[in-house]
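Observations on the model geometry
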Amino acid sequence: MKEFLAQVFSVEVWEYVLPATWQTIYMTAISTTITITFGLLFGVLLYVTDKDGLHPMPIFNKVFGAIINSVLSLPSMIVVIIFLPLSKFIVGVSYGPKAFIVSLAIVCIPIFSRLVENSILEVSKGKVEAAKAMGASNWDIILKVMLPESLPTLIRNFVVLTITLISITAIAGSFGAGGLGELAVRFGYNRYRTDILVAVIIVLLVGVEFLQLFGAFISKKILKKRHLV
Amino acid sequence: MAAPFIEIKNVSKIFKNQSKEFKVLKDINLEIQKGDIFGIIGFSGAGKSTLIRCINRLETVSSGTIRMGNYEIDKLSKKEMNLYRQKIGIIFQHFNLFDSRTVFGNVAFPLEVAGKSKQKIEKKVTEILDLVNISDKKDFYPGQLSGGQKQRVGIARALANNPDILLSDEATSALDPVTSLSVLDVLKDINKKLGLTIILITHSLDVIKYTCNNMAVLENGLIAEKGSVREIFANPSSETTKVFIKNNSDLAKVDYLVGGEGI
Ligand SMILES: Nc1ncnc2c1ncn2[C@@H]1O[C@H](COP(=O)(O)OP(=O)(O)OP(=O)(O)O)[C@@H](O)[C@H]1O
Ligand SMILES: [Mg+2]
């Protein structure tokens, strides 16, 4: 056991694991940025165009919601594969982490859109009504009321999204995306390198735990500042 | 008498739910003078909130007209409507303050929305917080305030854009009797100081007795009676009014206890 642990933390193992970690961080960071941008936009759009929303557009809302749901309902691995050609075309690279960035974002945008929509929906109707009664435009209501009021929930959902993304990059690893996923499959599974597999698991556990704690900390800090906890 | 400041004429409101129709307001006629404090009382579901939501166009009337000053409110375009709404302040039973903003930020909100400059906002907010006596809580968040303080902030926020009228939808229902009185005093005070017209919805006759000059009793979407508070109390004609008088709450006693003139 002791020997095994020494092996897990050996220079040889981490010469594999560290670069793969950076690849995963790189993929996750860029995909997350894209996902947040579009997810916020789409989430707000879903909320605004709902039949009880600020600017009801029921038909658009139904169609748009159906598209989001259909991507959501497919297994993430399949979505990654379906959009891989598009992803490679947009980025102009056909292998490695970069090629997968768009594909990964497309898997996650529907998830985050719904999370954003739900976070916004939690803001009480009374506040929206008060803002309307003061003559606020829809933009004012979104930017000055809905988003700031739901910020603590948004941050927690943002962490959920990032963790989901990390797990999907691991799946993408088996299609040549690189990163920790690929390492786990190539060495841990194909070559029985349990030491590398364990090292990968440690990195993932620590990383996810850190994100979770960090998100909870920030969210709590905002709630504390507002004296809501 | 001068032409009434607010004129509600033959207003009806019908809500359609799937196939069913609910007639919530039935042929309402009301005239409210400038500078008046006008009370509307009625049981739960009588249509009071719906009526004031029609006044600030959060609902559109199904038929009839509402005029405020020179505004024919059912003829407003979307842009005019937001300007019109800035001329109407409203306070709510559950305050509806923004938890993400400080007291200052809450009162600044309607001014930001109206596109006022930073300096103007700073000046105006300070002035109004003074008026409702809550300047010391300027940097507090709503989560740090008591109900009575929250409602003062609500009033300050409603007054920020120098509205012509203030609508109050059960603004004191969530407060204890003593705090209620202090909030009502604020309303009376600003009515006097600013000549603001106030429409006040309540479940309590005592609130009306303490605050209003004129009143209307709403019964199942109909106006059961209207007139000066004095006359209606002396001579109630509708069933609703009689029930309310019989079940008088204890605000009068509280006022007596805290040393008011008695009501
Ligand atoms: N959007 C709506 N759709 C359908 N019915 C509605 C709607 N809004 C209100 N109503 C109905 O209109 C009636 C009057 O409601 P309103 O809120 O005006 O009553 P209220 O006098 O303010 O009551 P309360 O004292 O409880 O606040 C109620 O029966 C209510 O169910
Ligand atoms: Mg009501």
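Residues numbered from 1 in each chain as written. Chains lettered and ligands numbered in written order. Predicted model: local features only at pLDDT ≥ 70, side-chain atom pairs only at ≥ 80, totals over all residues. Heavy atoms only, no water.

Quick look at the side chain of Thr169 of chain A now. Residue and element names in this part refer to chain A. By secondary structure assignment, the location of Thr169 is in helix 8 (residues 138–177). With relative accessibility at 2%, the residue Thr169 sits in the buried group. Those residues in contact with Thr169 that lie beyond four places of it in its chain are Thr24, Met27, Thr28 and Leu104. (Helix = DSSP H or I, 4+ residues; strand = E, 2+ residues; numbered from the N terminus. Buried < 20%, exposed > 50% of the residue type's maximum accessible area, 1.4 Å probe, protein only. Contact = heavy atoms within 4.5 Å.)

The subject of this paragraph is the sheet that holds strand 1 (residues 6–17) of chain B. Residues and elements named next belong to chain B. Ordered in space as 2-1-4-5, the four strands form an open sheet in which the pairing is antiparallel. Edge positions in the sheet fall to strand 2 (20–32) and strand 5 (71–72), since each of these pairs with one other strand and no more. Bridging between strand 1 and strand 4 (residues 63–68) involves five bridges; their strand directions are antiparallel. Note that in strand 4 the partner of Ile6 across the bridge is Met68. Against the sheet, helix 1 (residues 48–55) contacts strand 1, strand 2 and strand 4, and its axis sits at roughly 65° relative to strand 2. (Pairing = 2+ DSSP bridges. Axes fitted to C-alpha atoms, helices over the stretch in contact; angles between N-to-C directions.)

Before going further, it helps to spend a moment on the pairing of strand 8 (residues 197–202) of chain B. Residues and elements named next belong to chain B. Most of strand 8 is tucked away: six of the six residues are buried. Residues of strand 8 alternate between two faces, with Thr197, Ile199 and Ile201 on one and Ile198, Leu200 and Thr202 on the opposite face, all of them buried. Where strand 3 (residues 37–42) meets strand 8, five bridges bridge the pair, whose relative direction is parallel. By the bridge assignment, Ile40 is partnered in strand 8 with Ile201. The sheet contact formed by strand 7 (residues 165–169) and strand 8 spans five bridges and is parallel. Of the residues in strand 8, the one forming a bridge with Leu167 is Ile199. The parallel pair strand 7 and strand 8, bridged by helix 6 (residues 177–194), forms a crossover whose chirality is right-handed. (Right-handed = clockwise from strand over helix to strand, strands pointing away.)

Here the focus is the packing of aromatic side chains. Residues and elements named next belong to chain A. Under the criterion given, the structure shown has nine aromatic pairs over all chains. With centroids separated by 6.2 Å and ring planes inclined at 10°, the aromatic side chains of Phe9 and Trp14 adopt a geometry described as stacked. Plain terms: the ring middles of Phe42 and Phe64 are 5.1 Å apart, the flat faces sit at 90° to each other, and that makes the pair edge-to-face. Of the two residues, Phe42 is situated in helix 2 (residues 11–49) and Phe64 in helix 3 (residues 58–73); the sequence distance between them amounts to 22 residues. (Phe/Tyr/Trp six-rings, centres within 6.5 Å; stacked < 30°, edge-to-face > 60°.)

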